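Chain by chain, the residues run as shown.
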Amino acid sequence: MLMLYGRDREAAAIDALLDDARAGRSGVLVLRGDAGIGKSALLEYAVARAQGGGQARREAGAGAEGDGTGDSGEAVAPMTLVRGAGIEFEAELPYAGLQLLLRRAMGSLDALPEPQRRALAAAFGLASGGAGEPMFVGLAVLSLLSDHAGEGPLLCVVDDAQWLDRASVDALVFAARRLDAEGVAMVFAVRDGEGAFPAAGLPELGLGPLDAGAAEALLAAGGEPLPDPVHRRVLAEAQGNPLALLELPTALRGASASASAGAGMGTGAESVPAGPGGLPLTSRLRMAFHGRVSHLPPGTQMLLLVAAADHSGDPELLLRAATALGLGLSDLPPAQEAGLVFVDQEDRLRFRHPLMRAAIYQRAPLPDRLAAHRALADAADPVADPDHRAWHLAAAATGPDEAVAAVLQDTADRARERSGHAAAMAAYERAARLSTDPAARVERLVLAAESASEAGELARARSFAEQAARALEGTGDAGPGGSPGERPGSAVLRARTLHVRGLADFWQGAFPAAHRVLLEGAGLVAGADPQRAARMLVQATHTAWYLGGDEVAQTLDRLRALRLPEDAPIRPVAEFLTGALGSGAAGHAPPAVDAAAAGARAARGGRIDPRDLVMLCGVGLALGQDAQSYELTTALIAESRESGGLGRLTTLMFFHAEAEIFQSRYEDAYATAAEGLRISRDAGQAQWVSQLGSALAHVAAIRGDEEECRGHVDMALSAGASGAMAPGAPWAYWSQGLLELGLGRAQAALDRLSLLTGESVRHHISATRSVPDLVEAAVRLGVPERADEPLARFEAWAARSGQRWARALVARCRALRAPEAEAEAYFTEALAAHDPHLRAMETARTALLYGEWLRRVRRKSEAQGRLREALDAFERLGARPWAARALGELGAAGASVTAPQGTRSPAEEAGLTPQESQIVRLAARGMSNRDIAAQLFLSPRTVGYHLYKAYPKLGVVSRGELAAIFG
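Within any chain, residue numbers begin from 1 and follow the written order of that chain's sequence. In keeping with the model being predicted, local features are shown solely for residues with a pLDDT of at least 70 and side-chain atom pairs are shown and tallied solely at 80 or more, while totals for entire chains, interfaces and linings include all residues. Side-chain figures throughout are based on the complete set of non-hydrogen atoms in the structure, without hydrogens or water.

## Focus: the overall build of the protein chain
Inference 1: When helices and strands are tallied, the protein chain shows 47 helices and 9 strands.
Inference 2: Under the scheme applied here, a residue whose accessible area is under 20% of the maximum for its type counts as buried, over 50% as exposed, and between as partly exposed, the area being computed with a 1.4 Å probe on protein chains only. Burial statistics for the protein chain: of 967 residues in total, 56% are counted as buried. Numbering of helices and strands runs from the N terminus, with a helix taken as a DSSP run of H or I at least four residues long and a strand as a DSSP run of E at least two residues long.

## Quick word on helix α23 (residues 530-545)
Inference 1: Multiply 1.5 Å by the residue count of a helix minus one, and that product is the helix's expected span. Over its 16 residues, α23 extends 22 Å from the first C-alpha to the last, a length consistent with the 22 Å expected when each residue adds 1.5 Å.
Inference 2: The buried fraction of α23 is high, at 13 of 16 residues.

## What about the packing of aromatic side chains?
Inference 1: In summary, the pairing rule links any two rings of Phe, Tyr or Trp, Trp by its six-membered ring, whose centres are within 6.5 Å, and it sorts them by plane angle into stacked for under 30 degrees, edge-to-face for over 60 and tilted for everything else. Under the definition given, this model contains 17 aromatic pairs.
Inference 2: Geometrically, the ring pair formed by Phe654 and Phe655 is tilted, given 6.0 Å between the ring centres and 45° between the ring planes.
Inference 3: Take Phe654: its relative accessible area is 3%, and that puts it in the buried class.
Inference 4: Relative to Trp734, the ring of Trp731 has its centre 5.0 Å away and its plane inclined at 40°; by these criteria the two rings are tilted. Taken together, the residues span about one helical turn, with Trp731 and Trp734 both in helix α33 (residues 729-742) at a distance of 3 residues.
Inference 5: A residue is classified by how much of its surface remains accessible, and Trp731, at 4% relative accessible area, is buried.
Inference 6: Grouped by ring-pair contacts, the aromatic residues Phe506, Phe511 and Tyr546 constitute a single cluster.
Inference 7: A cation over a ring is seen here: Arg703 above Tyr670, with NZ or CZ 4.9 Å from the ring centre.
Inference 8: Sitting over the ring of Trp805, Arg839 keeps its end group 3.9 Å from the ring centre. Both a distance and an angle decide whether a charge sits over a ring: NZ of Lys or CZ of Arg must be within 6 Å of the ring centre and within 35 degrees of the ring normal.

## Describing the environment of Trp731
Inference 1: Sequence separation between Trp731 and Gln691 is 40 residues; the distance between their C-alpha atoms is 7.5 Å.
Inference 2: Whether two residues are in contact is decided by their heavy atoms: any pair within 4.5 Å suffices. When sequence neighbours within four positions are dropped, the list of residues in contact with Trp731 reads Phe654, Glu658, Ile661, Phe662, Ser694, His698 and Ser766.

## Examining the pattern of salt bridges
Inference 1: Any Lys or Arg side-chain nitrogen located within 4 Å of an Asp or Glu carboxyl oxygen qualifies as a salt bridge. Overall, the coordinates contain 49 salt bridges when judged by the stated rule.
Inference 2: Note that Glu450 and Arg416 form a salt bridge whose closest N and O atoms lie 3.4 Å from each other. Taken together, the residues Glu450 in helix α19 (residues 438-454) and Arg416 in helix α17 (residues 402-417) connect sequence positions 34 residues apart.
Inference 3: By relative accessible area, Arg416 is classed as partly exposed at 25%.

## Let's talk about empty space enclosed by the protein
Inference 1: Buried and open spaces are told apart on a 1 Å grid over the protein atoms alone, a cavity being a set of points where a 1.4 Å probe fits but cannot get out and a pocket being an open set with protein on both sides within 12 Å along at least five of seven lines. Residues with an atom within 4 Å of a point are the lining residues. Grid points are joined across faces, edges and corners, and a volume is the space filled by probe spheres set on the points. If you walk through the whole model with that rule in mind, you get 3 cavities of 30 Å³ or more.
Inference 2: In this structure, the largest cavity occupies an estimated 200 Å³ of space.
Inference 3: As for the largest cavity, its lining consists of 18 residues, of which Ile661, Phe662, Trp734, Arg769 and Glu842 are closest to the centre.
Inference 4: Every element with two or more residues in the lining of the largest cavity is listed here: α29 (649-662), α31 (686-703), α33, α36 (771-780), α38 (804-817) and α40 (840-856).
Inference 5: Gly counts as polar in this scheme, as do all residues outside two lists: the nonpolar Ala, Val, Leu, Ile, Met, Phe, Trp, Tyr, Cys and Pro, and the charged Asp, Glu, Lys and Arg. Classifying every residue of the lining of the largest cavity by side-chain character gives 10 nonpolar, 2 polar and 6 charged.

## Quick look at unusual backbone geometry
Inference 1: A positive phi angle is found at Gln239, which is not glycine, with a value near 55°.
Inference 2: Owing to a relative accessible area of 45%, Gln239 belongs among the partly exposed residues under this scheme.
Inference 3: Positive phi, normally seen in glycine, also occurs at Arg858, with a value near 65°.
Inference 4: Inspection of the secondary structure assignment puts Arg858 in the loop between α40 and α41 (860-877).
Inference 5: On the accessibility criterion, Arg858 (71% relative accessible area) is exposed.

## Quick word on the sheet that holds strand β6 (residues 184-191)
Inference 1: Criterion used throughout: strands pair if DSSP finds at least two bridges between them. Pairing is parallel across the open sheet formed by 5 strands, whose spatial order is β4-β5-β6-β1-β7. With one partner strand each, in any of the chains shown, β4 (80-85) and β7 (204-206) form the two edges of the open sheet. Across the sheet, the mean angle from the axis of one strand to that of its neighbour is 15°, orientation sign disregarded.
Inference 2: Bridging between strand β1 (residues 27-33) and β6 involves 7 bridges; their strand directions are parallel. The residue bridging Val30 from the neighbouring strand is Phe188, located in β6.
Inference 3: Simply put, an axis is a line fit to the C-alpha atoms, just over the touching stretch for a helix, and the angle between two N-to-C directions goes from 0 to 180 degrees. Of the strands in this sheet, β4, β5 (154-159) and β6 touch helix α5 (residues 134-149), which is tilted by about 140° from β4.

## Here's the deal with the nonpolar core
Inference 1: By size, the foremost hydrophobic cluster in this structure holds 183 residues, and its most contacted members are Leu98, Leu120, Met186, Phe188, Phe197 and Phe874.
Inference 2: When neighbours within four sequence positions are excluded, Phe188 is seen to be in contact with Val28, Leu29, Val30, Leu31, Val158, Ala161, Leu172, Ala176 and Phe197. Nonpolar cores were defined as sets of buried Ala, Val, Leu, Ile, Met, Phe, Trp, Tyr and Cys residues, with membership established by side-chain atoms within 4.5 Å.

## Here we look at the packing of helix α4 (residues 114-123) against α5
Inference 1: Between α4 and α5, the least distance of the axes is 8 Å, while the angle of their chain directions is 105°. Judged by the inter-axis angle, α4 sits roughly perpendicular to α5. Residues Pro115, Gln116, Ala119, Leu120 and Ala123 of α4 pack against Phe136, Val137, Leu139, Ala140, Ser143 and Leu144 of α5. Oblique is the label for any angle not under 35 degrees, not over 145, and not in the 65 to 115 range, which are roughly parallel, roughly antiparallel and roughly perpendicular in turn.

## Remarks on the side chain of Glu852
Inference 1: Considering the arrangement of structural elements, one finds Glu852 in helix α40.
Inference 2: The exposure class assigned to Glu852 is buried, which follows from its relative accessible area of 5%.
Inference 3: Throughout this description, a polar contact denotes any pair of N or O atoms lying within 3.5 Å of each other; where both atoms belong to protein, one of them has to be capable of donating a hydrogen while the other can accept it, and for residues adjacent in sequence the pair is counted only when both atoms sit in side chains. One polar contact links Glu852 to Arg885, side chain to side chain, over a distance of 3.3 Å.
Inference 4: Look past the residues within four positions of Glu852 in its chain and what remains in contact with it is Arg780, Leu867, Arg885 and Glu889.

## A word on the packing of α17 against α19
Inference 1: At a closest axis distance of 12 Å, the pairing of α17 and α19 adopts a crossing angle of 25°. One way to sum up the angle between α17 and α19 is to call them roughly parallel. Our pair here, α17 against α19, has a crossing hand that is left-handed. Counted together, Glu402, Ala405, Ala406, Gln409 and Arg416 of α17 and Ala440, Arg444, Leu447, Glu450 and Ser451 of α19 form the full contact between these two elements. Crossings are sorted by hand: turned counterclockwise from the far helix by less than a right angle, the near helix makes the crossing left-handed, and turned clockwise it makes it right-handed.

## With respect to the pairing of β5
Inference 1: β5 sits mainly inside the fold: 6 of its 6 residues count as buried.
Inference 2: Pairing of β4 with β5, which is carried by 6 bridges, proceeds in the parallel orientation. Across the sheet, residue Val82 finds its bridge partner in β5, namely Cys156.
Inference 3: When the strands point away from the viewer and the connection leading from the first strand across the helix to the second strand turns clockwise, the crossover is called right-handed. Assessed by its sense of winding, the connection that carries the chain from β5 through helix α6 (residues 166-177) to β6 is right-handed.

## A closer look at the pairing of β6
Inference 1: Of all 8 residues in β6, 8 are buried, a share of seventy percent or more.
Inference 2: Of the two faces of β6, the one lined by Val184, Met186, Phe188 and Val190 and the one lined by Ala185, Val187, Ala189 and Arg191 are each fully buried.
Inference 3: Direction of pairing for β5 relative to β6: parallel, over a ladder of 5 bridges. Within β6, the residue paired with Cys156 across the bridge is Met186.

## Thoughts on the confidence of the model for the protein chain
Inference 1: Scored from 0 to 100, pLDDT reflects the predictor's confidence in each residue. When pLDDT is averaged along the protein chain, the result is 85, and 88% of the positions lie at 70 or above.
Inference 2: Per-element mean pLDDT across the protein chain ranges from 35 in strand β3 (residues 63-64) up to 97 in α38.
Inference 3: Segment residues 54-73 is flagged for pLDDT under 50; beyond a separation of four residues in sequence, or across chains, it makes 61 contacts in the model.
Inference 4: Here residues 477-486 scores under 50 on pLDDT; set against residues more than four positions off or in separate chains, the count is 25 contacts.

## Describing helix α34 (residues 746-753)
Inference 1: Buried within α34 we find Ala746, Ala749, Leu750 and Leu753. Burial along α34 is one-sided: seen end-on, the buried residues are contained in an arc of 100°.
Inference 2: Those residues of α34 that are buried lie in contact with α33 and α36. What the arc covers is the set of directions going from the helix axis to the C-beta atoms.

## What to know about the environment of Val293
Inference 1: The topology assignment puts Val293 in helix α10 (residues 281-294).
Inference 2: Once the C-alpha coordinates of Val293 and Ala335 are considered, the two residues, 42 residues apart in sequence, prove to be 7.9 Å apart.

Quick look at the structure:
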């Protein structure tokens, strides 16, 4: 019988979560609180309810017990159960916690989509070749849980989640954030103040102390009555902590029994540390647990220590280690009889409470701990389980040991290959501390810094890089580029530390510092390793982008000066960047982005390498090569989805959304940016949250949705580092200006667009592309001179781009500023150069402005024709404020007009949610539920659920009808 005291609120939340899962609605709950506060008990409560406890009644303030029935008295089918726990001593092994959690679900591995199956197999070391991309691993977790559940609900519980390794945490949180309609309930228990479990955005429930009544009830239920003084002391010291209420009486009884006869409470009870002002409650609980262990036979204590030092509870491993120490199975029963451990359904040894493991391990004598780890290292299979063996060897080391350091470095290398960057960081750092070879120590510190950078641990990355730099100074090494006589290769190590520091500065928004450090690092290896220098300078070009056009040109001059091998994969990229944006580039025709991409592919044997090509996409857009950049981002996004390169996917999706916006594909741009925003939030990529939020703001501005536009702008502007401009600020300013212009508020539009004319931002893509809007706002206010300098720059940019659509925009700007006798020729030129199919919005805006001009010169019949062209396009694009303007002009031109129709997309007309809209559009292309799920990082059951909800709204009953609606 499971009883809970004083936890009605928490039990009700768990009941609701399980009810939703049984109804097909997924959910997650994070339980947080101090050690012993009742998190583990609530997990057991959830398990009991899931396994047949149903919706049993609860008595307020007292407890609850399951009776296997629901409210109606009918039996409730048990849910599929998956459970695991984090262990402090296993936090250095990538995916260790996740692998133990999913071991019973791995039978569904082969049913996963290939990229997910490949990523999870690589993460678990079940396959070689390729890293376990973290986001694909997270998606695989979601799919695996959904498949393992079958047609019914599933409960996943994880205790002590703060001790899970970082890779497991990232995958589980990624999956938890995408729960929707799989019928999966996830419950995590997290201890406050120890370890880390970053779960921003997940529902949390904080557990506090029990109230006085519940504490009294629990204490009374714990065993034989206590003498009144002991009773009062336990209540005072437990402070409402349920575990303390259960364990302190046992400790006090044990202390009292060992005291001298007749001493009573005055001696025995006082031998337990305590009270306010004494040891923290968690420490006292550990002492109480250890006190129970100390009365066991020595062999049993040592066996428990071996079990505490191992995470798996694998009986064969424990038996081999125990045998090496002269122990055996006969030493286990005293611990079981004392209620300290039990054997679960999988024959694994488990401790009754997580604090028990910590108490045994932390309070054991050091020689015993070393002996336990040595025995476990000897018992581990060096082929099947080399990583656990390496960590046990490291834990058994009593000082620097180069052999152990080398083994641990091998473990770190394997972790890095599996994208377990946090685990790799820990292993490299420990290997560095065990190193006896100074050169090997420096190399391992640099690797630790690089792994920390990959893991997003920027403070630790910077710390390791600085330690490596100091170590290099201590050895007097510099190598090529340094002082004479210094060790070859150490200049490369210095450059790698500077690269890490530069990336840390960049991601923290310290662009000037990042730029300076990257330039310094590239200078160190320009002669010895020009390809590394080139990659650092390409990164420095990105930092320079946030500093100003001059800094960009100067950085690219340094990139041009490098002597790169003919077959270097980075060479086509470097040549493209320098030819596009370097000093003197404006005087020459720009290079073609598709040719540069083809050159980079050829350098890698025809294989696309997104790391080399990502920068091409953004620069291609800066040159006006929108169609080519769209094609390139399309290919790179497909490759990244297939190979698992999701870390760069958000960057590509932003460039893709930009290209879609420029080509008037607003629904596609919204879907792309929304998906990218969701991924960037999950990945903690603040820069791309800002950029993608500003892209969504732009689409909202086109649609005239003021509230949504301003919400996205606020999000984009709030994502910048303190004291620095937010990465998405330029697009956000343009979006605000476009919104105001469409709504007829020219002064507000001019104010916002003028922010893009400053020296530090005018090289940005959005600053260049917004000039025609600036010109229109200035002309409407009668101050065309406010746009003189920006227009001159735009004319030069358009001429260099060689794009017809750019010439069309220049002609439109000149028409707005020209005398009446010259304006029409410019309008005619603009319309002839426009492409109404690929750039429908700009074509329609030119037609609108031309129609306005024709009406003003009293050529109303001609005006009506142009204005109707514009109105039709605006309605088709969903550009509501622009359609309203065209309609107003038509009325002023004497046309018979009605309220605009069709300014909303089919998805908007049907009232589809953004998720439903995205799914039905993919289904309309003939994609299966599993394919849609893989593309949108959802589960197939969630896709099916949203289609089920969308069909009635659209008035369809099958997939075949979607193509007619969405094309």
